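Each chain, written out:
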Protein chains: 2
Amino acid sequence: MSRDALTKIILPEDKIPKYWYNVQADMPNPLDPPLNPRTGEPATPDDLLPIFPMGLIEQEVSQERYIEIPQEVREIYRLWRPSPLYRAHRLEKALDTPCRIYYKYEGVSPVGSHKLNSAIAQAFFNKIAGIKRLTTETGAGQWGTALALACRVFGLDCTVYMVKVSYEQKPYRRSIMETYGATCLASPTDRTASGRAVLERDPDTPGTLAIAISEAVEDAASRDDTNYSLGSVLNHVCLHQTVIGQEVKLQLEMVDEYPDVVIGCCGGGSNFSGIALPFIPDKLAGTNVRLIAVEPAACPTLTKGVFAYDYGDQAGFTPLLKMYTLGHDFTPPGIHAGGLRYHGDSPLISRLYHDGLLEARAVFQKNVFEAAVLFAQTEGILPAPESAHAIRAAVDEALAGKEEGVSRCIVFNLSGHGHLDISAYDSYLNGRIEDVEFSDEALAESLKTLPQV
Amino acid sequence: MSRDALTKIILPEDKIPKYWYNVQADMPNPLDPPLNPRTGEPATPDDLLPIFPMGLIEQEVSQERYIEIPQEVREIYRLWRPSPLYRAHRLEKALDTPCRIYYKYEGVSPVGSHKLNSAIAQAFFNKIAGIKRLTTETGAGQWGTALALACRVFGLDCTVYMVKVSYEQKPYRRSIMETYGATCLASPTDRTASGRAVLERDPDTPGTLAIAISEAVEDAASRDDTNYSLGSVLNHVCLHQTVIGQEVKLQLEMVDEYPDVVIGCCGGGSNFSGIALPFIPDKLAGTNVRLIAVEPAACPTLTKGVFAYDYGDQAGFTPLLKMYTLGHDFTPPGIHAGGLRYHGDSPLISRLYHDGLLEARAVFQKNVFEAAVLFAQTEGILPAPESAHAIRAAVDEALAGKEEGVSRCIVFNLSGHGHLDISAYDSYLNGRIEDVEFSDEALAESLKTLPQV
């Protein structure tokens, strides 16, 4: 097929990957183990069993290169997978670049983002473990929405602890979760000890993601029929997202392409893992593909953080993970890409970045929205603010190619559409988006709270 | 291909239709001509030229069966067309029906609805006529969004007169239009004589679609570089939407199916036309396919209206159209499917319904949302409230098949997703949706205002 003939490169349903790709099998240096937060010793499967099913714990530590995707999960993936790979003809033309730009569009999932790839898998493995109910936390709402649908699909109850300020400011997100049958609670609640403790100190607290995590974990740990589910960071979540990059490789082959640059936005790391990790074996075998993680300048975990053991939550309940972190006490400003405000980063991404296999860059919000509007006006799709970070980097790469007179193949992950984030565009169009310079002093303060290991 | 093997039936890009299907060539009885509202005589192309380009006027009256889709329009269609046809395996299972249910998903368009099929065509024909700017009105915002993107694609300016109450209640819709570069004004404005006249009488008016139409038409008629654009009702709009049904026929052939029932929601008629009209030749040739238009019980144009000449707008500026109408003075209650609140119906649909080639049924809001939630929980996609009317009818047909023990092939048009209409779901889930009995007295009053022809 001529690479210029098509706009959408579509795979048939029988090309939905049959395996998830586990990068742990190929990493030059293995992951440091998670540590039990109380003992400081490596966490055992038994430490995790109160809140995760064995199927996912096994994936978390597996060293097998390929892990079979259960037939039941692939059946559900068929509702939107394989997702299309687009050639951005009209964006290229607007940039007058010699580069070829492709984007993988995960916004075709029913919930509008890539999050469903892992939510379906997690709900399934909990279902077969006999679990009846899942809890999770959500900030912006993308993950909660995905898990709500996934639970409905497998007949599980779902309780989402939604940060109170988001619960009140984003009633639409809550309504979608409720439409899928989930129970959505404004966190902190009076249902958990950790929630009650916070409410006692500060009855009017707007809540934080850290508190919501504590409540969701406490809820899950306290009931035998209930587990906890996380939408990013962990190895098994990144694993599930590798269907994205595997499909991209097949789709590029169909038009006789191989990427020079692969780009994804990076918060907790699941979306970037999805598109980038399947290229790691090629990179280890000597290809020159560059893998670029794009993070907000307001929360520059990879580019300004340190590689150290830290808690996954602010309260220090979770196992310690070796990762790039700004410190679990770091509070990023309220940027519009809520999904990229995590203080840490996936241990997998962190290790590979530390070992020089990945690149990272930080971009400012205003520049991100500038690229997002250009993309919407040329390609039509209104991108999620998170995904627009990847667009910014892709545009910059395409402009660099133009400057150098080089035609490169640039691929990025458009992880979701922005129809549920339109207030962010309203803020941008009306000049209400400010970029805050990152404070090295605040970072230094936050890093002082890193646990001593 | 086995009809049960697939979830999505996908056509390659080169199967995007090359022609629009013009049902006027096949109608047993021709359309009655539109009448000049001042003279009562048949409107001439000259009557329409101040606000429409000749290319669209020709389509409005053409008797050719196939009208070529310009290459430039097909290029843009490639951004989302051909759209997928889904087999609703999971919905079928939930209903325990022997019927096979398929849905054509137009929500994959960048603006999330079928409206873009005509917006792109209209912007193109205005562009080649030398027009620099289009005006339109919008209520719920779907059409305005589509025209905003279409104008951006062809480098036209776009001004959308948005009913003031929607402008204030749906700021997100406005932000999308502005992201695409359109100017969005709260109607009535002080920019037009008709707007100023209304404001003088009632400075605090919430506005109506009728006033917005008057403003958009006045604006277009007063400037040589500006035309007016309408998102439904007219023949050329219905024509453009026939890409939907033509693709459906090819997709069903791929799985060796032919429908027993074809269903679309029906407001002005463009979406129903899109899926239903391409089946008219088959029906005339003797196949038994049933074509069902579904309208809200609150605005039952086909099922309770009369077939008569009426104005397209409330103020009586537009040509008189022979159509099913509730009277141009009819004000339907504020239901959540804003796109289905039009007092009249497309003359094409009206004539074919009058001649017995189409069926119609009216459904209540609560039943519509009940079906919408079942659909979301099984198929994943959150449907637009308008599209959910078609789901309601499809579910009822599938349940009837179960009752009768008959396996029928049921196809409906899922014309858009509901990510921009979530407040409607919130109302439904919280018991705030009321069904109002249709008032025959109000209808009788409204019909008294029909123009005498």
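Please read these numbers as outputs of a predicted model, since none were measured by experiment. Per chain, residue numbering runs from 1 following the sequence as it is written. Note on labels: chains are lettered from A, ligands numbered from 1, in written order. With pLDDT at 70 or above as the cut-off, local features in this predicted model cover only qualifying residues; side-chain atom pairs require 80 or more to be listed or tallied, and sums for whole chains, interfaces and linings still use all residues. Excluded from the side-chain calculation are hydrogens and water; included are all heavy atoms of the structure.

**Student:** Please clarify how the interface of chain B and chain A should be interpreted in this entry.
**Tutor:** We call two residues in contact when some of their heavy atoms are within 4.5 Å. Taken together, the 43 residues of chain B in the interface contact 43 residues of chain A. Approximately 3800 Å² of surface area, both sides summed, lies buried where chain B meets chain A, with 57% of it carried by carbon and sulfur atoms. Contact with chain A buries area across many residues of chain B, yet B:L79, B:T179 and B:H419 alone supply 17% of it, more than any other trio. Within this document, salt bridges are pairs made up of a side-chain nitrogen of Lys or Arg and a carboxyl oxygen of Asp or Glu, the two lying within 4 Å of each other. For the pair chain B and chain A, the number of links is 2 salt bridges. Residue B:K8 is joined to A:E13 by a salt bridge in which the shortest nitrogen-to-oxygen separation is 3.4 Å. Polar contacts here mean pairs of N or O atoms no more than 3.5 Å apart (in protein, one a potential hydrogen donor and the other a potential acceptor; neighbouring residues in sequence count only if both atoms are side-chain atoms). Here chain B and chain A share 22 residue pairs in polar contact (both at pLDDT 80 or more) between them. Only DSSP runs of H or I reaching four residues or more are called helices, and only runs of E reaching two or more are called strands; each is numbered from the N terminus. Secondary structure elements with two or more residues in the side of chain B that touches chain A: α6 (142-153), α8 (171-179), α16 (365-379) and α18 (422-429) of chain B. In this count, Pro and Cys sit with the nonpolar residues alongside Ala, Val, Leu, Ile, Met, Phe, Trp and Tyr, while Asp, Glu, Lys and Arg are called charged and the others, Gly among them, polar. Among the residues forming the side of chain B that touches chain A, the class breakdown is 23 nonpolar, 11 polar and 9 charged. Buried surface area refers to the total accessible area, computed with a probe of radius 1.4 Å, that the two partners give up upon joining, counted for both partners together.

**Student:** Hey, could you run me through the packing of helix α5 (residues 116-128) of chain A against helix α6 (residues 142-153) of chain A in this one?
**Tutor:** All names here are of chain A. The axes are straight lines fitted to the C-alpha atoms, using for helices just the contacting stretch, and the angles between their N-to-C directions are given from 0 to 180°. Following both chains from N to C, one finds α5 and α6 inclined at 40°, their axes separated by 8 Å at the closest point. Classified by the interaxial angle, the pair formed by α5 and α6 is oblique. In this structure, α5 meets α6 at a crossing whose hand is right-handed. Facing L116, S118, A119, I120, Q122 and A123 of α5, the residues of α6 in contact are W143, A146, L147, L149, A150, C151 and V153. Working rule for angles: under 35 degrees goes down as roughly parallel, over 145 as roughly antiparallel, 65 to 115 as roughly perpendicular, anything else as oblique. Each crossing gets its hand from how the near helix is turned against the far one by less than a right angle, where anticlockwise is left-handed and clockwise is right-handed.

**Student:** I keep staring at the pairing of strand β7 (residues 157-163) of chain B and nothing clicks. Help me out?
**Tutor:** When a strand is regular, its side chains alternate between the sheet's two faces. All names here are of chain B. Whether a residue is buried, partly exposed or exposed follows from its accessible area with a 1.4 Å probe, protein chains only, as a fraction of its type maximum: under 20%, in between, or over 50%, in that order. Most of β7 is tucked away: 6 of the 7 residues are buried. At least two DSSP bridges between two strands are required for those strands to pair. In the sheet, strand β6 (residues 133-138) pairs with β7 via 6 bridges, with the strands oriented parallel. Bridged to T135 within β7 is T159. Tracing the backbone out of β6, into α6 and back to the parallel element β7 gives a crossover that is right-handed. Orienting the strands away from the viewer, one traces the path from the first strand over the helix to the second; a clockwise path indicates a right-handed crossover.

**Student:** Sorry, what's going on with the environment of B:F307 here?
**Tutor:** All names here are of chain B. With respect to the secondary-structure elements, F307 resides in strand β12 (residues 306-311). Residue classification places F307 among the buried positions, given a relative accessible area of 17%. On a C-alpha basis, the gap between F307 and M323 in space is 5.2 Å, while along the polypeptide they are 16 residues apart. When near neighbours in sequence (up to four residues on either side) are disregarded, F307 contacts K322, M323, Y324, S350, R351 and H354.

**Student:** Help me out: how do you make sense of helix α8 (residues 171-179) of chain A in this one?
**Tutor:** Structurally, the α-helix is built with 3.6 residues per turn, so residues lying three or four positions apart point the same way. Here α8(A) has its buried residues at A:R173, A:R174, A:S175, A:I176, A:M177 and A:T179. Downstream of α8(A) by one or two residues, A:G181 has phi in the positive range, about 95°.

**Student:** Even after reading the chapter, I still don't get the relation of the copies chain B and chain A, so can you show me in this structure?
**Tutor:** One copy of the chain maps onto the second through a rotation about an axis and a displacement along it. Only residues with pLDDT of at least 70 in both copies count here: their C-alpha atoms drive the least-squares fit that superposes the copies. Rotating chain B by 180° and moving it 0.0 Å along the rotation axis overlays it on chain A with an RMSD of 0.0 Å. What we have between these two chains is a two-fold relation. For chain B, the residue whose C-alpha comes nearest the rotation axis is B:H419, separated from it by 3.1 Å.

**Student:** Hey, could you run me through the packing of aromatic side chains in this one?
**Tutor:** Each aromatic ring pair is specified by the distance between its two centres and by the angle formed by the two planes. Residue and element names in this part refer to chain A. Aromatic pairing here means that ring centres of Phe, Tyr or Trp (its six-membered ring) are within 6.5 Å. Orientation follows from the plane angle: under 30 degrees is stacked, over 60 is edge-to-face, and everything else is tilted. One pass over the full model with this rule turns up 37 aromatic pairs over all chains. Ring geometry for Y258 against F279: centres 6.0 Å apart, planes inclined by 75°, an arrangement best described as edge-to-face. Taken together, the residues span a long stretch of sequence, with Y258 in the loop between α12 (243-254) and β10 (261-265) and F279 in the loop between α13 (270-276) and α14 (280-284) at a distance of 21 residues. The class for Y258 is partly exposed, based on a relative accessible area of 35%. Relative to Y428, the ring of F369 lies with its centre 5.6 Å away and its plane at 20°, an arrangement referred to as stacked. Taken as a pair, F369 in helix α17 (residues 365-379) and Y428 in helix α19 (residues 422-429) lie far apart in primary sequence, 59 residues in all. On the accessibility criterion, Y428 (22% relative accessible area) is partly exposed. Put simply, the rings of Y86, Y103, Y105, F375 and F412 touch in pairs and so form one group of aromatic residues. Between the NZ or CZ atom of K322 and the centre of the ring of F307, over which it lies, the distance is 4.7 Å. Both a distance and an angle decide whether a charge sits over a ring: NZ of Lys or CZ of Arg must be within 6 Å of the ring centre and within 35 degrees of the ring normal.

**Student:** Is there a simple way to think about empty space enclosed by the protein in this case?
**Tutor:** Gaps left between atoms are located by rolling a probe of water-molecule size over the structure's atoms. Grid spacing is 1 Å over the protein atoms alone, the probe is 1.4 Å, and a cavity is where that probe fits but cannot get out, while a pocket is an open set with protein on both sides within 12 Å along at least five of seven lines and lining residues have an atom within 4 Å of a point. Grid points are joined across faces, edges and corners, and a volume is the space filled by probe spheres set on the points. For the structure on display, the rule yields 4 cavities of 30 Å³ or more. There is about 520 Å³ of room inside the largest cavity. Partitioning the lining of the largest cavity into residue classes produces 22 nonpolar, 10 polar and 2 charged.

**Student:** Sorry, what's going on with the UniProt feature "domain: Tryptophan synthase beta chain-like PALP" (unreviewed entry) in chain A here?
**Tutor:** UniProt positions are given in the numbering used here, feature names are shortened, and annotations may be inferred rather than shown by experiment. In the UniProt entry, the feature "domain: Tryptophan synthase beta chain-like PALP" (unreviewed entry) is given for residues 79-409 of chain A. Helix makes up 44% of residues 79-409 of chain A and strand 18%, with an end-to-end C-alpha separation of 29 Å.

**Student:** So what exactly am I meant to see when it comes to helix α2 (residues 54-61) of chain A here?
**Tutor:** All names here are of chain A. Residues of α2 that are buried include every one of L56, I57, Q59 and E60, and no others. Looking straight down α2, one finds its buried side chains confined to an arc of 160°; they lie on one side. Along its buried surface, α2 packs onto β2 (19-21), α1 (45-48), β3 (66-68), α5 and α11 (235-240). In this description, the arc belongs to the directions extending from the helix axis to the C-beta atoms.

**Student:** Sorry if this is basic, but what is going on with the pattern of salt bridges here?
**Tutor:** Oppositely charged side chains can pair when the atoms bearing their charge come close. All chains considered together, the criterion is met by 48 salt bridges over all chains. One continuous salt-bridge network, built from bridges that share partners, spans A:K8, B:E13, B:E75 and B:R78.

**Student:** Can you help me understand the environment of B:V243 in this one?
**Tutor:** All names here are of chain B. Residue position: V243 is located in helix α11 (residues 235-254). Remark: the alpha-carbon pair of V243 and G141, spanning 102 residues in sequence, is separated by 22 Å. Excluding its chain neighbours within four sequence positions, the residues that come into contact with V243 are P17, W20, I69, Y77, R81 and N117.

**Student:** Whenever I open this one, the sheet that holds strand β6 (residues 133-138) of chain A confuses me. Can you help?
**Tutor:** By way of backbone hydrogen bonds, the strands of a sheet pair with one another, either parallel or antiparallel. Residue and element names in this part refer to chain A. Read from one edge of the open sheet, 4 strands run β8-β7-β6-β9, paired in parallel fashion. Each of the sheet's edge strands pairs with one partner strand only, and the pair in question is β8 (183-187) and β9 (226-228). Across this sheet, the average inter-strand angle for adjacent strands is 25°, counted without regard to direction. Each of β6, β7 (157-163), β8 and β9 is contacted by helix α10 (residues 209-221), which is oriented at about 170° to β6, the strand it contacts most.

**Student:** Help me understand the side chain of B:S109, please; the structure alone is not making it clear to me.
**Tutor:** On the secondary structure map, B:S109 appears in the loop between β5 (100-105) and α5 (116-128). Owing to a relative accessible area of 4%, B:S109 belongs among the buried residues under this scheme.

**Student:** Would you explain the sheet that holds strand β15 (residues 409-414) of chain A in this entry?
**Tutor:** Residues and elements named next belong to chain A. Pairing within the open sheet is mixed, and its 7 strands lie in the order β1-β4-β5-β15-β10-β11-β14. In the strand order of this sheet, the two ends are held by β1 (8-9) and β14 (359-363), each with one partner. Relative to β15, strand β5 (residues 100-105) runs parallel, the two being bridged by 6 bridges. Along β15, the bridge assignment pairs I101 with I410.

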